[in-house]
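Secondary and tertiary structure notes
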Amino acid sequence: MNRITEAFGRRKALIPFVTGGDPDMDVTEKLIYTLADAGADLIEIGVPFSDPIAEGPVILAASDRSLRAGCTADKLFDLVRRVRRRTDIPLLFMTYLNPVFVYGSRRFMENCADAGIDGLIVPDMPWEERAELLDDCAACGVTLVSMLAPTSAERVRRIAAEAAGFLYCVSSLGVTGERREIDHTVAGIVARAREVTDVPCAVGFGISTPAQAGEMAALADGVIVGSAIVRLIAEHGADCLEPVGEFTRGLRAAID
Amino acid sequence: MEEGRFGVYGGRYIPETLMSAILELTAAYERWRSEPEFTGELAELLANYAGRPSRLYFARKMTEDLGGAKIYLKREDLNHTGSHKINNVLGQVLLAKKMGKTRVIAETGAGQHGVAAATAAALMDMECEIFMGLEDTERQALNVYRMELLGAKVHRVTTGSMTLKDAVSATMREWASRVADTHYVLGSVMGPHPFPTMVRDFQAVIGREIKEQMQAAEGRLPDVVAACVGGGSNAIGSFYDFIAESGVALVGCEAAGLGVTDPRNAATMANGSVGIFHGMKSYFCQDEYGQIAPVYSISAGLDYPGVGPEHAALLDSGRATYVPVTDAEAVEAFDYLSRREGIIPAVESAHAVAWALRAAPGMARDKIIVVTLSGRGDKDVAAIARYKGVDLHE
């Protein structure tokens, strides 16, 4: 059993997101330890991209900060290698397709496997185009996570039937970012997915308070929280560890 | 060939949230593209609203001055709204209407596509919102006001380089947030399938007319068809009917800004490499880590770091050639055509004129070049004046 599946097997999974290299590599490394200590079950590390079309303003700005600070895929692989000396927590890269494609997808996956990345989330690669990475992921033992959206309709069953690791269920239309209210239509998506797969479902996009995290965790097997954490990093810079830790503990408490 | 692919290029690399809309659009286009109800209405609009067919004009003075190949100009600048963009938007907005959509959104660079989209939306009673990079709203202030006059809401995009690339990203984000009642009128032969195919089909009227008009004027096909390439819609529209005619050379003129060796250029074919961005696999200006490069051209409409996937395939196969043209050459061509023929071309189109100025003198007098003038240059007058150091503001 791989680390992702194990993590979901223990309890409702809390999956925080940070953009790698924002504000710098050193803080990202410390953030990973902070998040793990504060109750995260898996951690998503965003590979910064110049033009992230699925991101709202908060993560978009983080991506810009990270690139300006000189973050690259190679530096992120090194970061993960360092992190792996201290923690076994499942780590996923959330990356747009182009940085992987241009790096060379086989070489990218080999580095993922070598560094200790468990899975990949690629928001601009829909199920129909998964062949772009699937073989290289499989060859290197990197789990390719599929996404479902409120608009997936009859596609849910097809995508869910082939899912691995977990299903990333997008809570609402639009891009990443905090939302005051989250639609419960995602419950229907999760239910349809569960008809065809035992792979756990995690809900993301818009979850920004412990209350929302609790609500969504009740509907699914895990919750993904990105922009709310990234906003704290933006506000506090190198001093973000404490507020991020505290916020994450609040999420943990609300989910349990 | 696999659906939506041009060789290895094309595809639909977009967030899951947009997949249903893209599949719905693909199905609707397949259904309506050959329905007489649709094709009849579109033909009527193109004729009586857009003013097609556009003229194929023999540039006698230019030809005599250059002393080589005969030069004909395909006058897309004479279309309603002043560019070839109207061909595509009439098709897409009509299709959106058939699909029951009530709102259209679009990106724009120079503003030509935005103006065309706003025009078609006004005509067909659609709500319309346009996304335009802040830098472009400043370069093309008049077009912003023009869109607003037509009833569109213009959003100034302040992310990234604040130009066409960022406007496309912003429009994709907006589409993902409101997809049920909204159609994204993409302005070029780029983005996810079916856009590269659909937009090409709507623009192919340019090349079909060139063929007929050239037969009427000269009783034969031209030797070269040249057009400017940003995303590549007027170029593919001009080329498409000639792809099977191996005797006709196809030349795409891309924006080299300050020169292909200067970082400030937008010459995707000369400097780019294969990547996956904005829904498609194609050539992009990017770094070794796949970060999309900030590009530059005096022409807001060519200031884009990628190119449509069908052009990528035409480059690889060698069926078309792509040449870089600098700002300086484009401005010189802009001046030349204005003074020599009394036609002020869009600065985008001036890139293709510049290639003709370079190539025609070395060709025999019995050779024929067709240059597509994709748009008119009224929108560029202030920017060209500023380029030359004249302090002119709109």
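Residues numbered from 1 in each chain as written. Chains lettered and ligands numbered in written order. Predicted model: local features only at pLDDT ≥ 70, side-chain atom pairs only at ≥ 80, totals over all residues. Heavy atoms only, no water.

As a further point, take the overall build of chain A. A tally of helices and strands in chain A yields 12 helices and 8 strands. At 16 Å, chain A has a C-alpha radius of gyration in line with the 18 Å of a compact globule built from 256 residues. Expressed along its principal axes, the backbone C-alpha trace of chain A runs to roughly 45 × 40 × 35 Å. Looking at chain A as a whole, 64% of its 256 residues qualify as buried. Long-range contacts, defined as pairs at least 24 residues apart, comprise 74% of the intrachain contacts of chain A with a sequence gap of at least 6. As displayed, chain A offers around 9100 Å² of accessible surface, 48% of which is attributable to carbon and sulfur atoms. Computed over 26 positive and 37 negative side-chain charges, the separation of the two mean positions in chain A equals 2 Å. (Helix = DSSP H or I, 4+ residues; strand = E, 2+ residues; numbered from the N terminus. Rg over C-alpha atoms; globule rule 2.2 N^0.38 Å. Buried < 20%, exposed > 50% of the residue type's maximum accessible area, 1.4 Å probe, protein only. Contact = heavy atoms within 4.5 Å. Areas by Shrake-Rupley, 256 points an atom, 1.4 Å probe, with all protein chains shown as cover. Lys, Arg positive; Asp, Glu negative; His and termini not counted. Charge placed at Lys NZ, Arg CZ, Asp CG, Glu CD.)

Our focus in this paragraph is the sheet that holds strand S1 (residues 5-6) of chain B. Residues and elements named next belong to chain B. An order of S1-S2-S12-S11 is seen for the 4 strands of this open sheet, with the pairing classed as antiparallel. The two strands at the open ends of the sheet, each matched to only one other strand, are S1 and strand S11 (273-277). Relative to strand S2 (residues 9-13), S1 is paired through 2 bridges, and the arrangement is antiparallel. Each bridged residue has a counterpart across the sheet, and for Arg-5 the counterpart in S2 is Gly-10. With respect to the sheet, helix H13 (residues 309-317) is in contact with S1, S2 and strand S12 (279-284), its orientation differing from that of S12 by roughly 40 degrees. (Pairing = 2+ DSSP bridges. Axes fitted to C-alpha atoms, helices over the stretch in contact; angles between N-to-C directions.)

This part takes up the packing of aromatic side chains. Tallied over the entire structure, the rule returns 18 aromatic pairs over all chains. Here A:Phe77 and A:Tyr103 contribute two aromatic rings whose centre-to-centre distance is 5.8 Å and whose plane-to-plane angle is 55 degrees, an arrangement assigned as tilted. Here A:Phe77, found in helix H4 (residues 73-83), pairs with A:Tyr103, found in helix H5 (residues 97-103); they are 26 residues apart in sequence, far enough to count as distant. For the ring pair B:Phe58 and B:Tyr72, a centre distance of 5.2 Å and an interplane angle of 40 degrees mean the geometry is tilted. Residue B:Phe58 is found in strand S3 (residues 56-58), and its partner B:Tyr72 is found in strand S4 (residues 70-75); the two are separated by 14 residues along the sequence. Under the relative-accessibility criterion, B:Tyr72 is labelled buried at 6%. (Phe/Tyr/Trp six-rings, centres within 6.5 Å; stacked < 30°, edge-to-face > 60°.)

So, on to the interface of chain A and chain B. Interface size is often expressed as the accessible area that is lost when the parts come together. Listed as interface residues are 37 residues of chain A and, on the opposing side, 33 residues of chain B. Both faces considered, chain A and chain B share a buried interface measuring about 2800 Å² in area, 57% of it formed by carbon and sulfur atoms. Taken together, the connections running from chain A to chain B amount to 4 salt bridges. Across the contact surface, chain A and chain B share 20 residue pairs in polar contact (both at pLDDT 80 or more). Elements represented by at least two residues in the side of chain A that touches chain B include exactly helix H3 (57-68), H4, H5, strand S5 (143-148) and helix H8 (155-161) of chain A. In terms of residues, the side of chain A that touches chain B owes the most to one element, H5(A), which gives 6 residues. Among the residues forming the side of chain A that touches chain B, the class breakdown is 23 nonpolar, 6 polar and 8 charged. (Buried area = accessible area lost by both parts, 1.4 Å probe. Salt bridge = Lys/Arg side-chain N within 4 Å of Asp/Glu carboxyl O. Polar contact = N/O pair within 3.5 Å; in protein donor to acceptor, adjacent residues only side chain to side chain. Nonpolar A, V, L, I, M, F, W, Y, C, P; charged D, E, K, R; others polar.)

Here the focus is the domain arrangement of chain B. Residue and element names in this part refer to chain B. When cut into domains, chain B gives domain 1 (5-46 + 85-199) and domain 2 (51-82 + 204-387). Centre-to-centre, using C-alpha coordinates, domain 1 lies 22 Å away from domain 2. At the junction of the two partners, domain 1 supplies 38 residues and domain 2 supplies 45 residues. Together domain 1 and domain 2 conceal approximately 3100 Å² of surface at their shared face, both sides included; 59% is due to carbon and sulfur atoms. Three residues, Tyr-9, Arg-139 and Lys-165, lead the burial of domain 1 against domain 2; their summed loss comes to 23% of the area buried on that side. Scanning the region where domain 1 abuts domain 2 turns up 0 salt bridges. The tally of links between domain 1 and domain 2 comes to 13 residue pairs in polar contact (both at pLDDT 80 or more). (Domains from an automatic or database assignment.)

It is worth spelling out the nonpolar core at this point. The biggest cluster of nonpolar side chains holds 95 residues, and the ones touching the most others in it are B:Leu90, B:Leu95 and B:Trp175. In terms of residue count, helix H1 (residues 16-32) of chain B provides more of this core than any other element does, 8 residues in total. In this structure, B:Leu95 is in contact with B:Leu25, B:Ala28, B:Tyr29, B:Trp32, B:Phe38 and B:Met198, ignoring residues within four places of it in sequence. In this structure, A:Leu91, A:Cys112, A:Val156 and B:Tyr289 belong to the second largest nonpolar core, which totals 73 residues. (Core = buried A, V, L, I, M, F, W, Y, C linked by side-chain atoms within 4.5 Å.)

What follows deals with the sheet that holds strand S7 (residues 153-157) of chain B. Residues and elements named next belong to chain B. Taken together, the 4 strands give an open sheet; going across it, the order is S7-S6-S5-S8, and neighbouring strands pair in parallel fashion. One side of each edge strand has no neighbouring strand; the edge strands of this open sheet are S7 and strand S8 (182-184). Each strand of the sheet is rotated relative to its neighbour by a mean of 20 degrees, with strand direction disregarded. Direction of pairing for strand S5 (residues 103-108) relative to S8: parallel, over a ladder of 3 bridges. By the bridge assignment for S8, Arg-103 is matched with Thr-182. On the sheet, helix H5 (residues 112-123) packs against S5 and strand S6 (127-133) and is oriented at approximately 165 degrees with respect to S5.

Residue and element names in this part refer to chain A. What the rule picks out here adds up to 0 disulfides over all chains. Take Cys-140: it sits in no disulfide, and the sulfur closest to it among the cysteines is that of Cys-137, at 7.8 Å. For Cys-169, which is in no disulfide, the shortest distance to another cysteine sulfur is to Cys-201 and amounts to 4.2 Å. (Disulfide = S-S within 2.5 Å.)

Attention now moves to the pairing of S5(B). Residue and element names in this part refer to chain B. Burial runs high along S5: 6 of the 6 residues are buried. On S5, burial covers both faces: Arg-103, Ile-105 and Glu-107 on one face and Val-104, Ala-106 and Thr-108 on the other are all buried. Relative to S6, S5 runs parallel, the two being bridged by 6 bridges. Along S6, the bridge assignment pairs Val-104 with Cys-128.

With that out of the way, let us pick up helix H10 (residues 205-218) of chain B. Residue and element names in this part refer to chain B. Compared with an ideal rise of 1.5 Å per residue, which puts 14 residues at 20 Å, H10 spans 19 Å between its outermost C-alpha atoms and is within 8% of the ideal. Within H10, burial applies to Val-205, Ile-206, Gly-207, Glu-209, Ile-210, Lys-211, Gln-213 and Met-214. Close packing links the buried residues of H10 with S3, S4, helix H4 (85-98), helix H9 (195-203), helix H11 (233-239) and strand S14 (368-373). Just beyond H10, the residue with positive phi is Gly-219, at close to 70 degrees. (Expected span 1.5 Å × (residues − 1).)

The next point concerns helix H8 (residues 164-177) of chain B. With 14 residues, H8(B) extends 20 Å between its outermost C-alpha atoms, agreeing within 8% with the 20 Å of an ideal straight helix rising 1.5 Å per residue. Among the 14 residues of H8(B), 13 are classified as buried, and the element is accordingly described as predominantly covered.

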